[in-house]
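In case you want the letters, here they are:
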Amino acid sequence: MNKILKLITLFFLTGLLSVLSQNKSPIYLDATKPIEERIEDALSRMTLDEKVAMLHAQSKFSSAGVPRLGIPEFWTTDGPHGIRPEVLWDKWEQAGWTNDSCFAFPALTCLAATWDTDLSFLYGHSLGEEARYRKKDILLGPGVNIYRTPLNGRNFEYMGEDPLLSSRMVVPYIKGVQQNGVAVCVKHYALNNQETNRHTTNVVLDDRALYEIYLPAFKAAVQEGKAWSIMGAYNLYKNQHACQNQYLLNDILRGEWGFDGVVVSDWGGTHSTSQAIFNGLDMEFGTWTDGLAVGTSNAYNSYYLAKPYLDMIHSGKVGTKELDEKVRRILRLAFRTTMDKNRPFGSFDSPEHSSAGLKIAQDGTVLLKNTSNVLPIKLDKASKILVVGENAIKMMTVGGGSSSLKARYEILPLEGIQSRVGAQAKVTYTRGYVGDPTGEYNGVVTKQDLKDDRSSEVLLAEAVDAAKDADYVIFIGGLNKSDYQDCENTDRAGLELPYNQDKVIAELAKVNNKLIVVNISGNAVAMPWVNEVPAIVQTWYLGSEAGNAIASVLFGDVNPSGKLPFSFPAKLTDVGAHKLGEYPGKKEDLANKRDTVDVTYNESIFVGYRWLDKEKIKPLFSFGHGLSYTTFQYGKPVSDKTEVRADGHITFSVNLKNTGDREGAEIVQLYISDLKSSLPRPLKELKAFKKISLKAGEEKTVELTIDKSALSFFDANKHEWIAELGDFEALIGSSSSDIKGKVKFKLK
Ligand code: GLC
């Protein structure tokens, strides 16, 4: 009897085992296994064709997975401040979907101007939720190129002129996005500091400028933000395109920084199969297109990393070592995104995103000037408010190039002001000037009809006439993300405001002493009328909640706390890139229409306030400048030690008091000055900051701690960061030019 029992048991057990072993998923699909094991298992199962197919686009914004193995495709999307509407599979035209609008966040200059790392996380997390909900796996942003010239068409997408501010502000954004299981793609790595000749500019600069100014934000993105992908830039460096660049991708990004993610080309940034193979490119997109609107159709198999690569392998010209390295990195990206079963589901156009966008827009708005406290507008003293300017009525969530959006809604400045004022006063509007009546950008039709054939004289006369008996005049102008006015692929021609705005502002100032100028831009602009205008507000492309944000600041619901992430030079020759050149490039290269145009960064590390300090030039408004509706009083700063050892830290503390009659936030900035150095160094450099909110009358001690890295410079000969022993000075300020106190100390 028991023999039969044994047989039955044996039979049952073997049956169970075979069932279990069939259910046992292969390693690459087993989420309990370490990612590196899953990568090797998946790689071992892939054919040569499947590996090569993963390296390049299959449509405008997607690349292949491995259908046979159930490894999903990758879907990418622009952009850094909102999820782009769908285009057709192989055409730039709008796909015409009805579920692909988005919440438009403020552009990244606004985020930088908040100097608030908590808001940066909120921004990234909210945007990542929208990307995830739209089933996008790679978000093509953020951009962190340093603002070398105020003419650069894409500065509005970036975080200003200072490497420390950009570094601190980009890290939380990355963590926020990637917590949704969506990869960031930090761009444009590196040295994409102008749009003029962006595909052919060959940047020439010294290693100090490269390491001290242009790389830090990318390094922070990789080493602190743990970015899962990076986008190569269009321009060249050392005569190699940045998307296939031995120095930037192999030596620095991977060799020095240990980047384990994927390098994605900019759209159309790949130019050679062998350079793409050996110089570190992993995913090729947009080849044979200009990355914006025109391109060859269905060219995917002729991409540099497609059939030409396969042919080189089949002919024995190249091996498959580099191919496997690339596929390993792409599989790692898959296990972090498309194949992460636990990633959240995201959300789309939620009230939370609206309030996040509003908060960022409010806190990034900068009060530049406010003589005789014209602001905030007191509605009990205003019966007639005149609003002037095209930017009060023009949609700004469109335009600017690839970051253009199809926002579900956009509160325009005039609308925001009207809804805020309600019946408390009469709000009237005059155009003042005509700028860009275009109503279509990247295929998104705004349905706005801004056509106005009246002459500038008539428009001016109408505005001046209306201003004479208004209690307040709010001029809302600036730039507008149309071509040459803060737009990808085109730089501005000069620092001046376009469309006759300076004339309108100057004339309005003559007839009304309660004129407020609200400048909307992503770059500094000249302000010849700066002394005639009592109140000036710098704000940005604020996205869907623009009108509500601007109104809340103008009427005092919000106390402005933003600070400038870049300097406002009075004139272009006050900028190193323009004083020393070269911009936009070497004259003979431009004249001879050479294939590549050298642009030598003769100003080296002296960018922004570093240049202004060196040349003792007073800017219109300084880096880090921003006023409040309250006032702050700084005590005398002190340090916890007078000597700091190379492996130690030093903490500076300063008492800060809100001496005004309302709550407000101040951004305390710490600059470091190396009093004696073997190499020329900037007079001071931002090395720490803290944003602190205080109630009326409240005071707190603010502490800022630094270590040796804040004292170091990059020694190009030794190719390493050096902190020289000796005397240093800490400068605590409310801006780079408003220093409240200094503390000397020694590095032992
Ligand atoms: C564009 C831009 C890049 C964008 C990409 C896809 O040309 O340079 O920032 O993400 O192509 O649109």
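Residues numbered from 1 in each chain as written. Predicted model: local features only at pLDDT ≥ 70, side-chain atom pairs only at ≥ 80, totals over all residues. Heavy atoms only, no water.

**Observations regarding the sheet that holds strand S22 (residues 643–644)**
Here is step 1 of the chain: Pairing is mixed in the open sheet, where five strands are placed in the order S22-S30-S29-S24-S25. Pairing within the sheet leaves two strands with one partner each, and these edge strands are S22 and strand S25 (685–694).
Here is step 2 of the chain: Relative to strand S29 (residues 726–733), strand S24 (residues 664–674) runs antiparallel, the two being bridged by six bridges. Residue pairing across strands places Leu670 opposite Ile732, the latter belonging to S29. (Pairing = 2+ DSSP bridges. Helix = DSSP H or I, 4+ residues; strand = E, 2+ residues; numbered from the N terminus.)

**Things to note about the packing of helix H5 (residues 117–133) against helix H6 (residues 163–178)**
Here is step 1 of the chain: One way to put it is that H5 packs onto H6 with a least axis distance of 7 Å and a crossing angle of 35°. As H5 runs across H6, the sense of the crossing is right-handed. In this structure, H5 uses Thr117, Ser120, Phe121, Tyr123, Gly124, His125, Leu127 and Gly128 to contact H6, whose residues at the interface are Arg168, Met169, Pro172, Tyr173, Lys175, Gly176 and Val177.
Here is step 2 of the chain: For the contact of H5 with H6, the per-class residue count stands at seven nonpolar, six polar and two charged. (Axes fitted to C-alpha atoms, helices over the stretch in contact; angles between N-to-C directions. Left-handed = near helix turned anticlockwise from the far one by under 90°. Contact = heavy atoms within 4.5 Å. Nonpolar A, V, L, I, M, F, W, Y, C, P; charged D, E, K, R; others polar.)

**Let's talk about the packing of aromatic side chains**
Here is step 1 of the chain: Applying the stated criterion across every chain, the model contains 30 aromatic pairs.
Here is step 2 of the chain: Between Phe156 and Tyr541 the ring centres are 5.5 Å apart and the planes differ by 85°, which places this aromatic pair in the edge-to-face class. One end of the pair, Phe156, is in the loop between strand S3 (138–139) and H6; the other, Tyr541, is in the loop between strand S18 (535–539) and helix H17 (546–554), with 385 residues separating them in the sequence. There is no split in this pair, since Phe156 and Tyr541 are both buried.
Here is step 3 of the chain: Ring geometry for Tyr189 versus Phe218: centroids 5.1 Å apart, planes at 70°, classification edge-to-face. Here Phe218 lies in helix H8 (residues 216–223) and Tyr189 lies in strand S5 (residues 186–189), a separation of 29 residues in the sequence. Across the pair, exposure class does not vary: Tyr189 and Phe218 are buried alike.
Here is step 4 of the chain: Grouping aromatic residues by their ring pairs yields a cluster made of Phe103, Phe105, Tyr123, Tyr173 and Tyr409.
Here is step 5 of the chain: Seen from the ring of Tyr247, Lys238 lies directly overhead, with NZ or CZ sitting 4.7 Å from the centre.
Here is step 6 of the chain: In this arrangement the basic side chain of Lys684 is found over the ring face of Tyr671, its NZ or CZ atom lying 5.9 Å from the centre. (Phe/Tyr/Trp six-rings, centres within 6.5 Å; stacked < 30°, edge-to-face > 60°. Buried < 20%, exposed > 50% of the residue type's maximum accessible area, 1.4 Å probe, protein only. Lys NZ or Arg CZ within 6 Å of the ring centre and 35° of its normal.)

**Focus: the nonpolar core**
Here is step 1 of the chain: In terms of nonpolar packing, the biggest core is built from 198 residues, with Tyr189, Ile385 and Leu554 touching the most fellow members.
Here is step 2 of the chain: With eight residues, the top contributor of residues to this core is H6.
Here is step 3 of the chain: Ignoring any residue separated from it by four or fewer positions in sequence, one finds Ile385 in contact with Ile377, Leu379, Val421, Ala425, Lys426, Val427, Thr428, Tyr472, Ile474 and Phe555.
Here is step 4 of the chain: Listed in part, the 25 residues of the second largest apolar core include Leu694, Phe728, Ala730 and Leu747. (Core = buried A, V, L, I, M, F, W, Y, C linked by side-chain atoms within 4.5 Å.)

**Observations regarding the domain arrangement of the chain**
Here is step 1 of the chain: Domain parsing of the chain yields domain 1 (2–336), domain 2 (365–558) and domain 3 (631–747).
Here is step 2 of the chain: Counting residues at the interface gives 14 residues for domain 1, matched by 16 residues for domain 3.
Here is step 3 of the chain: For the pairing of domain 1 and domain 3, the buried interface totals around 1300 Å² over both sides, and the portion due to carbon and sulfur atoms is 63%.
Here is step 4 of the chain: At the junction of domain 1 and domain 3, the tally comes to five residue pairs in polar contact (both at pLDDT 80 or more).
Here is step 5 of the chain: When residues of the side of domain 1 that touches domain 3 are traced back to their parent elements, those giving at least two are H6 and helix H7 (207–214).
Here is step 6 of the chain: Partitioned by chemical class, the residues of the side of domain 1 that touches domain 3 number five nonpolar, one polar and eight charged. (Domains from an automatic or database assignment. Buried area = accessible area lost by both parts, 1.4 Å probe. Polar contact = N/O pair within 3.5 Å; in protein donor to acceptor, adjacent residues only side chain to side chain.)

**Let's talk about the pattern of salt bridges**
Here is step 1 of the chain: Summed over the entire model, instances satisfying the criterion amount to 52 salt bridges.
Here is step 2 of the chain: With a shortest N-O distance of 3.3 Å, Asp137 and Arg343 are connected by a salt bridge. Placement of the pair is Asp137 in the loop between H5 and S3 and Arg343 in the loop between helix H12 (321–336) and helix H13 (351–364), with a sequence separation of 206 residues.
Here is step 3 of the chain: The class for Arg343 is buried, based on a relative accessible area of 9%. (Salt bridge = Lys/Arg side-chain N within 4 Å of Asp/Glu carboxyl O.)

**A word on the site of the ligand**
Here is step 1 of the chain: Around the ligand sit 15 residues in total, of which Asp78, Lys187, His188, Tyr234 and Asp266 are the nearest.
Here is step 2 of the chain: In this structure, Asp78 approaches the ligand through a side-chain N or O atom, which is 2.6 Å from an oxygen atom.
Here is step 3 of the chain: Arg198 places a side-chain nitrogen or oxygen 3.4 Å from an oxygen atom of the ligand.
Here is step 4 of the chain: Contact with the protein chains hides 100% of the accessible area of the ligand, taken as 310 Å² for the molecule alone.
Here is step 5 of the chain: Counted by class, the shell around the ligand contains five nonpolar, three polar and seven charged residues. (Near = heavy atom within 4 Å. Areas by Shrake-Rupley, 256 points an atom, 1.4 Å probe, with all protein chains shown as cover.)

**Description of the side chain of Ser229**
Here is step 1 of the chain: Of note, Ser229 is situated in strand S7 (residues 229–232).
Here is step 2 of the chain: On the accessibility criterion, Ser229 (0% relative accessible area) is buried.
Here is step 3 of the chain: Only 2.7 Å separates the side chain of Ser229 from the backbone oxygen of Val184, close enough to count as a polar contact.
Here is step 4 of the chain: Non-local contacts of Ser229, meaning those with residues more than four positions away in its chain, are made with Ile138, Val184, Cys185, Val186, Phe259, Val262 and Val264.

**Quick word on the side chain of Thr109**
Here is step 1 of the chain: Topologically, Thr109 is positioned in helix H4 (residues 108–114).
Here is step 2 of the chain: Residues in contact with Thr109, not counting those within four places in the same chain, are Asn155, Phe156, Tyr158, Gly522, Trp540, Pro565 and Phe566.

**Some points on the sheet that holds strand S10 (residues 262–264)**
Here is step 1 of the chain: Read from one edge to the other, the open sheet built from three strands follows the order S5-S7-S10, with strand pairing classed as parallel. Where the open sheet ends on each side, the last strands, each with one partner, are S5 and S10. The average undirected angle you get between the axes of adjacent strands in this sheet is 30°.
Here is step 2 of the chain: Two strands pair when backbone bridges link them, and S5 and S7 are joined in this way by two bridges, in the parallel orientation. Within S7, the position partnered with Val186 by the bridge is Ile230.
Here is step 3 of the chain: Helix H9 (residues 246–256) contacts S5, S7 and S10 of the sheet and is inclined by roughly 135° relative to S5.

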